[in-house]
There are 2 protein chains.
Amino acid sequence: MDKQEITPYIEEISALVTSQLQQTVPATWDIPAHLREAMSYSLMAGGKRLRPLLVIAAAEALQGRREAALPVACAVEMVHTYSLIHDDLPAMDDDDYRRGKPTNHKVFGEAMAILAGDALLTHAFYSVVQASRHHGVPAEAALAIVEELSLFAGPSGMVGGQVADMEGEQGLTNLDQLRYIHEHKTGDLIVFCLKAGGRIASATTEQLQALETFGRAIGLAFQIQDDILDLVGDESKLGKKTQSDVKQQKVTYPYFIGLEESRAEVDRLTKQAKEAVSGGVIPQPECLIGIANYLMNRDR
Amino acid sequence: MDKQEITPYIEEISALVTSQLQQTVPATWDIPAHLREAMSYSLMAGGKRLRPLLVIAAAEALQGRREAALPVACAVEMVHTYSLIHDDLPAMDDDDYRRGKPTNHKVFGEAMAILAGDALLTHAFYSVVQASRHHGVPAEAALAIVEELSLFAGPSGMVGGQVADMEGEQGLTNLDQLRYIHEHKTGDLIVFCLKAGGRIASATTEQLQALETFGRAIGLAFQIQDDILDLVGDESKLGKKTQSDVKQQKVTYPYFIGLEESRAEVDRLTKQAKEAVSGGVIPQPECLIGIANYLMNRDR
């Protein structure tokens, strides 16, 4: 599936996820109005919805139901969103803007931004459980998803990668360190998406392995592509300044292996991802393949 | 059971939980050393372990197994600990000391304190799942515990209470607002402990209701007692300065209804808690009753 064919699928799921996220904290719940606003502000700030897309595409590649995957798709977007809110805080990256809008703490204050992040992370686990409560996902499968979310987003996963990234700002000396950061800070949550989608569709061990390989490869490719776009991308398309890594003296893939070699690595990883889900183990891999192509060719 | 009889039980469980918490992030996991240190620093800072105690006592009151309750007991202590780390941050209460030791961000820096809190919250859910993986708690029960942890610790629970407390610092005008803060900021997690302990021991709906009533009552009594001790307690026993609420102009139960009426309310709530678990619905309520007495009579 090429880029033109996959775009409507991506847009359809993005719209569905955005609509579902709007009601993820039921209106009937008695929660402080400002907290609700702060959570919603960042959830609705218009990301790519890449992670929810991967959950749903993985489930559908195994003929799983989209409705059953939706609560987990929303959960992973909440985890991603909380990580961005905390990442942007003055004590962390101290960013004033994200996706062209003021960051959460610039609008709601630092204390509320910390708490809105905490609330989103906690509520993500509630959302996972709803896949079982309302959509027939067996308790064992939902519990395995909870376990993997805590592993891939926790100290040995995303948070660990975040810490390594922060400590690496004093200077990385080799590509292995950078790869560790990319694998955990970005890659782990992407691997989670693929496996969770698989579990919702009752994947076999072999299928889960194929999805994990796919996720690991596109996760790293995605991050290298980000590094490349920061160096040579179009600011108007990206919605953010390019060369910020250079200015912040952040080491990146192009820094270590050069631009052309980085591009070749994205190609190689994308090919590896597509091969993992082709060849029969995944019954309907077309959308996953389309997404891999789409990510490789994106300009923002 | 009176205070003298319950003390060995409390100390035994506190030691068990502390020992278990020391190994909750397996030594074999590849996580950044400073993150591991920061998580451990606050987990080992020597709290009362009240919440784990309640999980285990509730399970044992229904003849549940202590080992099966232990992962959930540890999970709730992680959630409590993360909330303290974030609470102490400069953007929140800006505290330099907790339990006589420098706060997490004073030792590890603000960024690491935020991330250590995030990691503890995430890892708590992993710990809950281990009750099912290793101790025979049915997946349905473990999933219900995950759901309630996310509810009672999330935006409609503890985080919501935290936001209300923060916003209330501009001045509360009545006792209902203060009760809302106490119920959510402290009470909800305590109710969670009782219900989770019950679920581990396969509690009936009637038993869960009794445990919830017990938890709601001692949760509020605990917080009013805190307000009282802040006003009239012994600094050397409390390990912190008294009258901090007065100095910070925080409104408390004694502020609204006076010291004597506050003490009477603690008595009334403790009596209500004990009645809820007496009378036959809970087979072995002695330790729960002992804990209620212990909390009412504590001087720190």
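These figures come from a predicted structure and were not determined experimentally.

K.L.:
What is the right way to read the overall build of chain A from this model?
P.N.:
A count of helical and extended segments in chain A gives 15 helices and two strands. On C-alpha atoms alone, chain A measures out to a radius of gyration of 18 Å, which is about the 19 Å that the 2.2 N^0.38 rule sets for 300 residues. Projected onto its principal axes, the C-alpha positions of chain A cover 50 × 50 × 35 Å. Out of the 300 residues belonging to chain A, those deemed buried represent 55%.

K.L.:
Quick question: what am I supposed to make of helix α15 (residues 286-297) of chain B here?
P.N.:
For an α-helix, 3.6 residues make a turn, and residues three or four places apart therefore share a direction. Residue and element names in this part refer to chain B. For α15, which comprises twelve residues, the first-to-last C-alpha distance of 17 Å matches the rise-based estimate of 16 Å (1.5 Å per residue) to within 8%. When you tally the buried positions in α15, you get nine out of twelve residues, the bulk of the element. What α15 keeps buried is the set Cys287, Leu288, Ile289, Gly290, Ile291, Ala292, Tyr294, Leu295 and Met296.

K.L.:
Any chance you could explain the environment of tyrosine 97 of chain A here in plain terms?
P.N.:
Relative to the assigned elements, tyrosine 97 of chain A resides in strand β1 (residues 97-98). The residues contacting tyrosine 97 of chain A, other than those within four sequence positions of it, are Pro102 and Thr103 of chain A.

K.L.:
How do you make sense of the interface of chain A and chain B when you look at a structure like this?
P.N.:
Note: interface size is frequently given as the accessible area lost on complex formation between the parts. The interface is formed by 44 residues belonging to chain A together with 44 residues belonging to chain B. The biggest single contributor to the side of chain A that touches chain B is helix α6 (residues 110-135) of chain A, with 13 residues. Per-class residue counts for the side of chain A that touches chain B are 28 nonpolar, ten polar and six charged.

K.L.:
What is the right way to read the relation of the copies chain A and chain B from this model?
P.N.:
Each of the two copies of the chain can be brought onto the other by a rotation about an axis and a shift along it. Rotating chain A by 180° and moving it 0.0 Å along the rotation axis overlays it on chain B with an RMSD of 0.0 Å. Expressed as an axis order, the relation between the two copies is that of a two-fold axis. When the interface residues of chain A are mapped onto chain B, 100% of them are again interface residues, pointing to one common binding face.

K.L.:
In this structure, what is going on with the packing of α6 of chain A against helix α7 (residues 139-153) of chain B? I would like to understand it.
P.N.:
A pair of packed helices is captured by two measures, namely the crossing angle of their axes and the spacing between those axes. At a minimum axis distance of 8 Å, the contact between α6 of chain A and α7 of chain B shows a crossing angle of 145°. Of the two elements, α6 of chain A crosses α7 of chain B, and the hand of that crossing is left-handed. Seen from α6 of chain A, the contacting residues are Thr122, His123, Phe125, Tyr126, Val129 and Ser132 of chain A; seen from α7 of chain B, they are Leu143, Val146, Glu147, Ser150, Leu151 and Ala153 of chain B.

K.L.:
Honestly, helix α4 (residues 66-88) of chain B in this entry has me stumped. Any pointers?
P.N.:
With 23 residues, α4 of chain B ought to run about 33 Å at 1.5 Å a step, and its terminal C-alpha atoms sit 32 Å apart, in line with that. Most of α4 of chain B is tucked away: 20 of the 23 residues are buried.

K.L.:
What's the story with the packing of helix α3 (residues 50-61) of chain B against α15 of chain B in this structure? I'm lost.
P.N.:
All names here are of chain B. In contact at an axis separation of 8 Å, α3 and α15 are set at 145° when each is read in the N-to-C sense. In contact with Leu53, Ala57, Ala58, Glu60 and Ala61 of α3, α15 contributes Cys287, Leu288 and Ile291. Classifying every residue of the contact of α3 with α15 by side-chain character gives seven nonpolar, no polar and one charged.

Definitions and cut-offs
Residues numbered from 1 in each chain as written. Chains lettered and ligands numbered in written order. Predicted model: local features only at pLDDT ≥ 70, side-chain atom pairs only at ≥ 80, totals over all residues. Helix = DSSP H or I, 4+ residues; strand = E, 2+ residues; numbered from the N terminus. Rg over C-alpha atoms; globule rule 2.2 N^0.38 Å. Buried ≥ 20, exposed ≤ 12 C-beta atoms within 10 Å, placed from the backbone. Expected span 1.5 Å × (residues − 1). Contact = placed C-beta atoms within 7 Å. Nonpolar A, V, L, I, M, F, W, Y, C, P; charged D, E, K, R; others polar. Least-squares fit on C-alpha atoms with pLDDT ≥ 70 in both. Axes fitted to C-alpha atoms, helices over the stretch in contact; angles between N-to-C directions. Left-handed = near helix turned anticlockwise from the far one by under 90°.

Everything listed is a geometric property; what it means functionally is a separate question.
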